[in-house]
Amino acid sequence: MEKLLKTHFGFDRFRPLQRKVIDDVLEGRDTLAVMMTGGGKSLCYQLPALIFEGLTLVVSPLISLMKDQVDALRANGINAEFINSSVSNSLISEIMRSAVEGEIKILYVAPERLAVSSFQDFLRAVNLSLIAIDEAHCISEWGHDFRPDYRNLKRLRRNFPYVPIISLTATATAQVRKDIIKQLSLQRPSISISSFDRDNLSIFVRRKQNSFGKLLKLLQDHKNEAAIIYCFSRAETEKMAVNLKKEGFNAIAYHGGMSAGARRKNQDLFIKDKVNIICATIAFGMGIDKPDVRLVVHYTFPKSIEGYYQEIGRAGRDGLKSECVLFYSLGDKHKYEYFNNEIEDAVERRNAGLKIQNMIDFCEGNVCRRKTVLTYFGENYAKDNCGNCDVCLCERSTFDATEIAQKILSCVIRTGSRFGAKYISDVLKGRKLKRIIELGHSNLSVFGLVKDYSDDELRQIIQQLVSANYLIKTEGQYAQISVSNLGNRFLKKKESFFLLKPKEEEVEVKPLVTRKGDLEYDLDLFELLRVERRKIADSKSVPPFIIFGDVSLRAMAYYYPTSLEEFAKITGVGKQKLARFGEVFVGIVKGFVDETGVLPIEVPEK
Ligand code: ADP
Ligand code: MG
Ligand code: ZN
């Protein structure tokens, strides 16, 4: 199996769970594979497709992705085609004819095609070995992306009860999972769920102060690399692109208000590496599988953790280290609260409010970002320090918080356990606000008791007391804080208690220049190879990553393979790519080695 993986796809080893899913598929079982974006789901049906005798039918909702997927397969010498509304009728007949004759291994179709009766006839005429349903959550109304056309798939199962189905999704909720199995009538399916941790992504939350300056610095660190900057509004994406251009960056905008043609054009410029920065609303991303995005910035924090994780998931799909930076400010928080209050439907308003609150807790929390997100998705993250988020990377000293913690807990109790952090801190700071005076809280002994902490520091300490379970916070926008049993015990016993020092000035966390686990490759050679890759891609009108991914280029710029035998061992180089591109790339490496006198390193066998 490893040999097939190398010959056809050029990869040396399977990603977690790929092997298991593939084994189940080859046994003829129905399967459900739940894997994080970038986890490598496609391979789970593409490799079996090569082993099975007949045709593998792949149903996918994303027309724009089909062409890239098929181009990628063809570049590896695999006969693949796609049928959707962009393909002419005569070409469709042609494709169906060659499929019936067994000349096609993998056929991608849009779900609406299944409702066409001539297509059903075609399916009966062809030797169908496997049915793959990509983005399978689209069949469920519980999912975030229900597509009525996916209901056509029920018929597919009815007509082909003995053809195994593999369904794939990145949506983890148990409800959606169950629904997929039910809707597709999967028989005793084998279910494989991979961890949602993406350990190649570094996750940073930074204060939105001088944020444009910070952004410029980030973009300089990622010069020439693909970056997505998610903005709050359509107008902001345009403004951002203009401002970045003024600073000499190659940036464009993307949002739902643009015409379909303009959107396609800008998306294409980004995918084909003609422009490396795209300033977008969340409308951007669904239809792209660009594997080498190295930076995802949220210039304003997103509306939910689900959305956030999906958006940062677009970074580093190829497994190389990539950076995710979110800018957080109280101003943005208030902006959201304002917009949220405009939602008319009460239930909807409440749900949206809860999701935003979860996001705010994530940003304000002092717990490992990775752990916070994974816990939110119901996954148990065992490590306390992930070593790759702003919380874990930033060494912060602790201080004796016994006294301030006592003051905060007492204030919560005295004011009746029904206010939020803001109110508590106003009372402690002795603010003569109307509400405080009316409620008589300005007469309490805790009123004005705190002089030596700023509002911001108090907010951070309260958040830490919540994380440490001394305080309990109700959910929602107007969260009420009360003291837990643990907090009460602490007040009685008066034991000393340490907390992390609140951050006054943000400590800058430097991205590691040579990131752990990455090859220290030759940047000059990489650049030469990159230019060649783009030249070839342009001549074939495909995105550069279809020729070779960054992982392959970096390996070439590390080992300097000067013969075809050495080149063949580079990851991502399969039989077909060796034959088609070997000479050219080896030629460039040779030229470079002759000129600079560097010594090639033998490429290890795996
Ligand atoms: P998903 O559909 O789960 O989001 P993809 O199937 O698009 O993920 O794969 C993401 C990236 O990982 C692609 O660039 C793919 O070529 C790469 N990939 C998949 N499997 C492997 C592997 N075993 N070794 C190296 N790269 C892989
Ligand atoms: Mg996919
Ligand atoms: Zn962490």
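Keep in mind that this is a model prediction, so the values were computed, not measured.

Not every one of the 15 residues close to ligand 1 is listed here, only the nearest: Arg13, Gln18, Gly38, Lys41 and Ser42. Within the backbone of Gly39, an N or O atom sits 3.4 Å from an oxygen atom of ligand 1. Contacts to ligand 1 include Gly40, whose backbone N or O atom sits 3.1 Å from an oxygen atom. Alone, ligand 1 offers 570 Å² of accessible surface; in the complex the protein occludes 79% of this. Per-class residue counts for the shell around ligand 1 are four nonpolar, six polar and five charged.

Protein coordination of the zinc ion (ligand 3) is provided by Cys368 (SG), Cys386 (SG), Cys389 (SG) and Cys392 (SG), with donor distances spanning 2.3 to 2.4 Å. Note that the zinc ion (ligand 3) binds four donor atoms; their angles at the metal cover 101 to 118°, and the shape is tetrahedral. Taken in sequence order, the residues that donate to the zinc ion (ligand 3) follow the motif C-x17-C-x2-C-x2-C. No difference in accessibility class separates Cys386 from Cys389, as the two residues are buried.

This paragraph deals with the packing of aromatic side chains. How two aromatic rings sit relative to each other is given by the distance of their centres and the angle of their planes. Scanning the model with the defined rule gives 24 aromatic pairs in all. The interplanar angle of 50° and the centroid separation of 5.2 Å between the aromatic rings of Tyr521 and Phe526 together place this pair among those described as tilted. As far as burial versus exposure is concerned, Tyr521 and Phe526 are alike and both buried. Here the aromatic rings of Phe548 and Phe585 are separated by 5.2 Å at their centres, their planes lie at 90°, and the arrangement is edge-to-face. Of the two residues, Phe548 sits in the loop between helix H23 (544-547) and helix H24 (550-559) while Phe585 sits in helix H26 (residues 575-596), which places them 37 residues apart along the sequence. The positively charged end of Arg369 is found above the aromatic ring belonging to Phe362, 5.6 Å away from the centroid.

Attention now goes to the sheet that holds strand S1 (residues 31-34). In space, the seven strands of this open sheet follow the order S3-S4-S2-S5-S6-S1-S7, with parallel pairing throughout. Two strands close off the open sheet at either side, each with one partner strand: strand S3 (80-83) and strand S7 (190-193). In this sheet, neighbouring strand axes are inclined to one another by 15° on average, regardless of whether the strands run parallel or antiparallel. On the sheet, helix H4 (residues 63-75) packs against S3 and strand S4 (106-109) and is oriented at approximately 165° with respect to S3. Where helix H5 (residues 89-100) meets the sheet, it contacts S3 and S4, and its direction lies at approximately 135° from that of S3.

Next up on the list: the pairing of strand S8 (residues 201-207). Judged by how many residues are buried, S8 sits mostly within the fold: seven of seven residues are covered. Where S8 meets strand S13 (residues 322-328), seven bridges bridge the pair, whose relative direction is parallel. When the bridges of S13 are listed, Val205 appears paired with Leu326.

Attention now moves to the pairing of S3. Every other side chain in a regular strand lies on the same face of the sheet, so the side chains alternate between the two faces. In this sheet, S4 lies alongside S3 in parallel orientation, the contact comprising four bridges. Note on S4: the bridge partner recorded for Ala80 is Ile106.

What follows is about a positive patch on the surface. A cluster of basic residues, Lys154, Arg155, Arg158 and Lys182, forms a positive patch at the surface. Sort the elements by how many residues they give to the positive patch and helix H7 (residues 153-159) lands first, with three residues. Position of Lys182 relative to the elements: it lies in helix H8 (residues 174-183).

Strand order in the open sheet formed by six strands is S8-S13-S12-S9-S11-S10, with parallel pairing between adjacent strands. The open sheet has two free edges, formed respectively by S8 and strand S10 (251-254), since each of these has just one partner strand. Geometrically, the sheet is characterised by an average inter-axis angle of 20° between neighbouring strands, direction not taken into account. Pairing of strand S9 (residues 226-230) with strand S11 (residues 277-280), which is carried by four bridges, proceeds in the parallel orientation. Paired with Ala227 across the two strands is Ile277, which belongs to S11. Together, S9, S10 and S11 form the strand contacts of helix H10 (residues 234-246), whose direction differs from that of S10 by roughly 175°.

Quick notes on the rules
Residues numbered from 1 in each chain as written. Chains lettered and ligands numbered in written order. Predicted model: local features only at pLDDT ≥ 70, side-chain atom pairs only at ≥ 80, totals over all residues. Heavy atoms only, no water. Near = heavy atom within 4 Å. Polar contact = N/O pair within 3.5 Å; in protein donor to acceptor, adjacent residues only side chain to side chain. Areas by Shrake-Rupley, 256 points an atom, 1.4 Å probe, with all protein chains shown as cover. Nonpolar A, V, L, I, M, F, W, Y, C, P; charged D, E, K, R; others polar. Donors = N, O, S within 2.8 Å, 3.2 Å for Na, K, Ca; no water. Tetrahedral: all angles 85-135°; square planar, octahedral: opposite > 155°, others 65-115°. Buried < 20%, exposed > 50% of the residue type's maximum accessible area, 1.4 Å probe, protein only. Phe/Tyr/Trp six-rings, centres within 6.5 Å; stacked < 30°, edge-to-face > 60°. Helix = DSSP H or I, 4+ residues; strand = E, 2+ residues; numbered from the N terminus. Lys NZ or Arg CZ within 6 Å of the ring centre and 35° of its normal. Pairing = 2+ DSSP bridges. Axes fitted to C-alpha atoms, helices over the stretch in contact; angles between N-to-C directions. Contact = heavy atoms within 4.5 Å. Patch = residues over 30% accessible without salt bridge, like charges linked within 9 Å, V, L, I, M, F, W, Y side chains within 5 Å. Salt bridge = Lys/Arg side-chain N within 4 Å of Asp/Glu carboxyl O. Lys, Arg positive; Asp, Glu negative; His and termini not counted. Charge placed at Lys NZ, Arg CZ, Asp CG, Glu CD.

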